[in-house]
Structure formats: structure tokens, C-alpha cells
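Residue-level structure breakdown
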Amino acid sequence: EVILFARVPRAVARGLAAMPLPPAWSDVFSQAERLSGTHLRSLMQDQARNDSMFVQCGDIVLDYCREKVDQQAMEKLFALAQATDVEGKKKKMYEGVKINETEGRPVLHVALRAARDASICVDGKNVVPEVWSVLDGMKAFSEKVRKGEWVGHTGKKLTDVVCIGIGGSYLGVEFVFEALKTDPEAAVAAQGRRLRFLANVDPIDVKRALEGLNAETTLVLVVSKTFTTAETMLNAKTVKEWLIKELGSPDCVAKHVAACSTALDKTAAFGIDSNNVFGFWDWVGGRFSCWSAVGVMPLSLQYGFDTVMKFHDGGRAMDQHFLTAPPKENLPLIMGLLSVWNVSVLKYEGCAVLPYCQALTRFVPHIQQLDMESNGKRVTMAGEEVPVGTGAIYFGEPGTNGQHSFYQLMHQGRTIPAEFIGFSASQNPIELPGEPVSNHDELMSNFFAQPDALALGKTAEELKADGVPDNLVSHKTFTGDRPSLSLLLPVCNAYNLGQLLALYEHRTAVQGWVWDINSFDQWGVQLGKMLATQVRGYMCDARKGNADDSGFLKPTAKLMQKYMQK
């Protein structure tokens, strides 16, 4: 029987007193109560427990023995997954069922990285051939640009790309771009090329994106499914004006602008050659779209299509693992359940994602959108309030930078579950003569030490035994018992990046399925946009001297009046 949260008040999650939760949930909460007095120091003395939490998927290792669980608690979490039909919901996603019920759409980012001969049907039609038709078109166009067969208005080779898009049309793509910058193979493919992103509607971002670029060698890629996204279209119009001003003719647009969009009428009106418009589908959510034209086109222009296909290969490998691996070996399932445990049961509201790899400098911002936009929901699929906490506040920074920023709070302030990500080999290995370890070993020494420090802490007795003065003992005490997990991958390359991102995508979906929420809509972003439209209209009128601010809150009207005085 599938356990749903029909009409169970939120008070249950806070006090467990108003009325009982469904049995599978009650069992999980009981495990938390049982373990509440057991420190991670004690749990980690059980080597059989530790070994059971060391899981591999190919060359990826997940070690979650520093989470506040034991085998019995994990059994109850796996039972919760079964009770909430995670397996059934997962199969529906892979089969093209319209599991995004509020928008009436399938959820098929897995189809974007499917093998050419795969079959994934929507309304009886296999969508994979259409996916590969677009991929083939992008390969052809990107290779023409890279080889200099497609040139600009003045005949010069297009070596620089400005990618205009926001949110899901930006964050994931920038993450992969940054992660491959120092990959040796990708770096060779990118020689002589530049990729810039223009996301924020702030005109400062325009200046920074265009700084140092020559319009004669610049290709602009506008990413907007409907070609109506307010920020993106204003930026696109701004850059279009720059191209025309620099190159002297509106005719330059057809040579210098391409698009990722389905609105062919609007792209044509913008002046874009229809052959240079690459589509994607309504079953691709923005935060899952870097596998589509949204990411494939700019990344292929920068690193070559073959590199991007290795990224896809990694994602496909993780898709197969998620689909077929048994629960106790299934990395996305385990990580999703542990997140539910930490958020809903232990009631920790934050999650620190800590990549010990500078190449992942933009990974956390993407995961912020991926998880917080997916799971920042308060109602179930049936529209009833979820009785447990959902969605964590995600933040993070590459190690070791974060250690000198917010780790103080993590060690001696609030308890924040952490996810450490490391690589066995560096993209840029350095070993200096006379140094005891290589630069990468120095980095990874911290990767291994920090989870133990969080879990074990340092007791007052240990400090006294070390000779710490009495007046400093309390200041130097670490309570420990702070949960984390560790992911270890071989090296940060395109294939492993594909695996890592697909792992986090599926981890996100697992949480939503357990909570019985829709992880694939985002109604929460709409209200602010609607209000901004009203403000925009007011500003337009105010600049002409005939604005009416009576429709706004008085404090808002007062602040806008102050703004308009400039």
C-alpha cells in the first residue's frame, strides 16, 4: 500500500502528538528517538555498521557511516521508500508518464542523455529520435563554427560566445563550463575560444559579459524556451543593439545570433536564422535542462561536441544505476533517504555541499536551484499540507576556502549535515621537490579530516589531557555528533561530472517522492514576477510624470518614490 499524507496536520511533524503519522513514517521517527542518545563516536565503533555504509557505483564511492543512522534505521528508511512507492514513481518517470501533474507533463531529462537506439515514449511516441535529431543539428552547427565554416558578418571566425539565459538556462551550464576549464582534454579543445554568460538583468552584467569582446568574432546564444523571459529578452535586445552598433547593419544578426528555443516565430522576428534555432521540450524542466540544447550548444561551441557526449555518457550510466541497482547499493536512493532523515526526522534545516575541487566552484549554486526549487514545497500532490519539514537550505564553497569561512559555525555552532565531494586525482597535479605531500594530497588531507572532526569532536577530557589551560577548555571543546557523508570520484572529467550531476538530480527526485510533493513544478517563482510586472508599469508611468502608486503597500510606495528621486 502506498502511504500518502492525506490530511495529516503539520503539528504531527513538530510534536508527534496531534495524531499518528502513517506507520512507515512513525517507524522512522521511532528510530530517531532510539538513536537520540547515541553519539556518532559510539556508532562508528561498529565496524560492521561502517562497512555496510561503504557503497560503490563503478568508480564512485559513497561513505555514509558518519550519518546519524545504523542498519536498523536504514532498514526503516528503505521501508519508507517502499511504502511511499519510490520504485513505482521512478519507473513512471522513465516510462514518460505525466508525473508532473500540476502542469500535465512528463519528466524526462533522462531522455536527453538516452542512447540513440533507446525507446522512451510520450503519448505513444518515442521521443529519443527527436532528441538525437536536435543533437545531430547542434553537432553540425558547433563544428561549423569551431572550424570557421560559419563566419561572422565581416567574414571573421567566431571564437567568442555570449550565452544569454537565466536560472535553469544558466546555472547548470556554467557549472559544467567551469568544471571543465582545467580538464586537460577539454582545455585543449577550448584553446582560442571564450565562453561568457549573461544572466542578470542588471546592466552591470552586460558590461562584464561584453568587456574585451570584438563583435566581429562574437556569437550570441539566446536561451529561452518561449522567447519571452523578461530578463533574458531585455539582455538579448541590449546585446543585439551592441552587435548592430559595432557591425553597422541589422543584417549581422543572422550571422551572429543563434537560439535555444521553441518559439520559431519570435526567433525569426528577432532576426535569427531558423536553421540556427535548437529546440527542447516541455518535459524538460529548466533546472534539469543543461543536458538539452540549453547546455549542449554552448558547451559544444567551447569544448567540442565529443566532450559534451562524454558528459552525457556519465549521466546515462547513473540513470541505469538508479533504475536497476538494489536499494542498499543505490546511491541516489540512499542519499535521498538520508536527506529526508536529516530534514524531516532530525529537523536539520540546512545542508552544506562541500566539493574539495576548485573546478566545482559553480556546482553548489546549481544544486541550490536543483534542490530548493524542486523541493521547496509545502503541499502534497493532493494539495494538502505536508506534515513534515521539506527541503533544506543549501549552501557551500569549495574546500579548503569554506574552512576559513563558515566551518566555524558547523563545528561549534549549529548542526548542519554536510556532503563532502572529492576526487582521487587532480586535473592539475603538482608536486614540489622537498614538500612532504603533493598539492592535491594536501587538499585531500582536509577532505578526510573534516568529516571525522565533525563526527567525533573533541571532549573537555581530551583537551585537559592535552594540557589545554582550564580557561580555554570550553572554548576549544567540540561536541561532535554532526552528520556528513562523503563521495569520492576518480577525477573531475566530463564523464564523472555527468555521473555526479545525474546522481544529485535523482537524489532530489527521491526526496520529493518520499514527501509526496511535486519536485518538478515551481509555482513559487511566479508571484514575485507578477508583482514585478506591476512595478515595471508604475516605473514606466513615473518616468513620464503620471504614475499612480495607490495600488502598492504604503512602505513599498514610499521606497519606490525615494528610488525615483535619483
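The structure under discussion appears in the preceding block.
Attention in this report is confined to the structure presented alongside it.

**A look at the overall build of the protein**
Along its length, the protein carries 25 helices and 13 strands. At 26 Å, the protein has a C-alpha radius of gyration in line with the 24 Å of a compact globule built from 566 residues. Along the first, second and third principal axes, the C-alpha set of the protein runs to 75 × 65 × 60 Å. Within the protein, buried positions represent 52% of all 566 residues.

**Some words on helix α2 (residues 23–35)**
Counted at 1.5 Å a residue, the expected span for α2 with its 13 residues is 18 Å, and the 19 Å between its end C-alpha atoms agrees. Of the positions making up α2, those classed as buried are Ala-24, Trp-25, Val-28, Phe-29, Gln-31, Ala-32 and Leu-35. Each buried residue of α2 lies within a common arc of 150 degrees when the element is viewed along its axis, so the set occupies one face. Set apart from the buried face of α2 by more than 90 degrees, the exposed residues are Pro-23 and Glu-33. Contact partners of the buried residues in α2: α3 (40–43), α5 (71–83), α17 (331–345) and α23 (494–515).

**Some points on a nonpolar patch on the surface**
A grouping of Leu-527, Met-530 and Leu-531 is seen on the molecular surface, where their side chains present a nonpolar patch of about 320 Å² in accessible area. On the secondary structure map, Met-530 appears in helix α24 (residues 526–543). In this structure Met-530 comes out as exposed when scored by relative accessible area, which is 52%.

**Notes on the nonpolar core**
Core analysis: the largest hydrophobic core is formed by 133 residues, its most contacted members being Trp-25, Tyr-64, Trp-283, Leu-360, Ile-421, Leu-487 and Tyr-504. The greatest single-element share of this core, amounting to 12 residues, is contributed by α23. For Ile-421, the residues in contact, after removing those within four places along its chain, are Val-353, Leu-354, Pro-355, Tyr-356, Leu-360, Phe-363, Phe-447, Leu-487, Leu-489, Leu-500 and Tyr-504. Among the nonpolar cores identified, the runner-up in size contains 26 residues, and Leu-213, Val-220, Leu-247 and Val-257 belong to it.

**A look at unusual backbone geometry**
Put simply, Gly-399 and Thr-400 share a cis peptide bond, and its omega is 10 degrees. Structurally, Thr-400 can be placed in the loop between β11 (393–395) and α19 (407–412). For Asp-123, which is not a glycine, the phi torsion comes out positive at approximately 55 degrees. In this fold, Asp-123 is placed in the loop between β3 (121–122) and β4 (125–126). A positive phi is found at Asp-481, a non-glycine position, where the angle reads about 60 degrees.

**A closer look at the sheet that holds strand β5 (residues 160–164)**
The sheet built from five strands is open, its strands ordered β6-β5-β7-β8-β9 with parallel pairing. Every other strand in the sheet has two partners, leaving β6 (194–198) and β9 (277–278) as the edge strands with one partner each. Bridging between strand β8 (residues 257–260) and β9 involves two bridges; their strand directions are parallel. Within β9, the position partnered with Cys-260 by the bridge is Phe-278.

**Some words on the environment of Leu-299**
Tracing the backbone shows Leu-299 in helix α15 (residues 293–303). Distance in space between the C-alpha atoms of Leu-299 and Leu-62 is 29 Å, their sequence separation being 237 residues. In this view, Leu-299 contacts Val-173, Val-176, Phe-177, Gly-304 and Val-308; residues no more than four positions away in its chain are not counted.

**Details of the layout of surface pockets**
Taken as a whole, the largest pocket spans an internal volume of roughly 1300 Å³. Looking at the largest pocket, it is lined by 43 residues, and the ones nearest its centre are Ile-166, Thr-229, Val-525, Gln-526 and Lys-529. Of all elements in the fold, only α12 (230–247), α18 (363–375) and α24 reach the threshold of two or more residues within the lining of the largest pocket. With six residues, the single largest contributor to the lining of the largest pocket is α24. Each residue belonging to the lining of the largest pocket can be placed in one class, and the counts come to 17 nonpolar, 17 polar and nine charged. Volume-wise, the second largest pocket comes out at about 420 Å³. For the lining of the second largest pocket, the leading source of residues is helix α20 (residues 439–456), giving five residues. Here the lining of the second largest pocket is composed, by residue class, of eight nonpolar, 12 polar and three charged.

**Some thoughts on the packing of α5 against α17**
Look at α5 against α17: their axes get within 10 Å of each other, and the N-to-C directions meet at 100 degrees. Taken together, the axis directions place α5 and α17 in an arrangement best described as roughly perpendicular. Of the residues in α17, those in contact with Ala-73, Met-74, Leu-77, Phe-78 and Ala-81 of α5 are Leu-333, Ile-334, Leu-337, Leu-338 and Trp-341. A class-by-class count of the residues in the contact of α5 with α17 yields 10 nonpolar, no polar and no charged.

**Digging into the pairing of β8**
Looking along a regular strand, one sees side chains alternate from face to face of the sheet. Neither face of β8 is left uncovered, since the one carrying Val-257 and Ala-259 and the one carrying Ala-258 and Cys-260 both have all their residues buried. Two strands pair when backbone bridges link them, and strand β7 (residues 218–223) and β8 are joined in this way by four bridges, in the parallel orientation. Counterpart to Leu-221 in the pairing with β8 is Ala-258. Handedness of the crossover joining β8 and β9 through helix α14 (residues 264–270): right-handed.

**Details of the pairing of strand β13 (residues 484–489)**
The buried fraction of β13 is high, at five of six residues. Examined bridge by bridge, strand β2 (residues 60–63) and β13 share three bridges and lie antiparallel to one another. The residue of β13 that forms the bridge with Asp-63 is Ser-486. Relative to β13, strand β12 (residues 418–423) is paired through six bridges, and the arrangement is parallel. For Gly-422, the partnering residue across the bridge sits in β13 and is Leu-488.

Reading the values: rules and limits
- Residues numbered from 1 in each chain as written.
- Predicted model: local features only at pLDDT ≥ 70, side-chain atom pairs only at ≥ 80, totals over all residues.
- Heavy atoms only, no water.
- Helix = DSSP H or I, 4+ residues; strand = E, 2+ residues; numbered from the N terminus.
- Rg over C-alpha atoms; globule rule 2.2 N^0.38 Å.
- Buried < 20%, exposed > 50% of the residue type's maximum accessible area, 1.4 Å probe, protein only.
- Expected span 1.5 Å × (residues − 1).
- Arc of directions from axis to C-beta.
- Contact = heavy atoms within 4.5 Å.
- Patch = residues over 30% accessible without salt bridge, like charges linked within 9 Å, V, L, I, M, F, W, Y side chains within 5 Å.
- Areas by Shrake-Rupley, 256 points an atom, 1.4 Å probe, with all protein chains shown as cover.
- Salt bridge = Lys/Arg side-chain N within 4 Å of Asp/Glu carboxyl O.
- Core = buried A, V, L, I, M, F, W, Y, C linked by side-chain atoms within 4.5 Å.
- Pairing = 2+ DSSP bridges.
- 1 Å grid on protein atoms, 1.4 Å probe; cavity = no way out; pocket = protein on both sides within 12 Å on 5 of 7 lines; lining within 4 Å.
- Points joined across faces, edges and corners; volume = space filled by probe spheres on them.
- Nonpolar A, V, L, I, M, F, W, Y, C, P; charged D, E, K, R; others polar.
- Axes fitted to C-alpha atoms, helices over the stretch in contact; angles between N-to-C directions.
- Parallel < 35°, antiparallel > 145°, perpendicular 65-115°, else oblique.
- Right-handed = clockwise from strand over helix to strand, strands pointing away.

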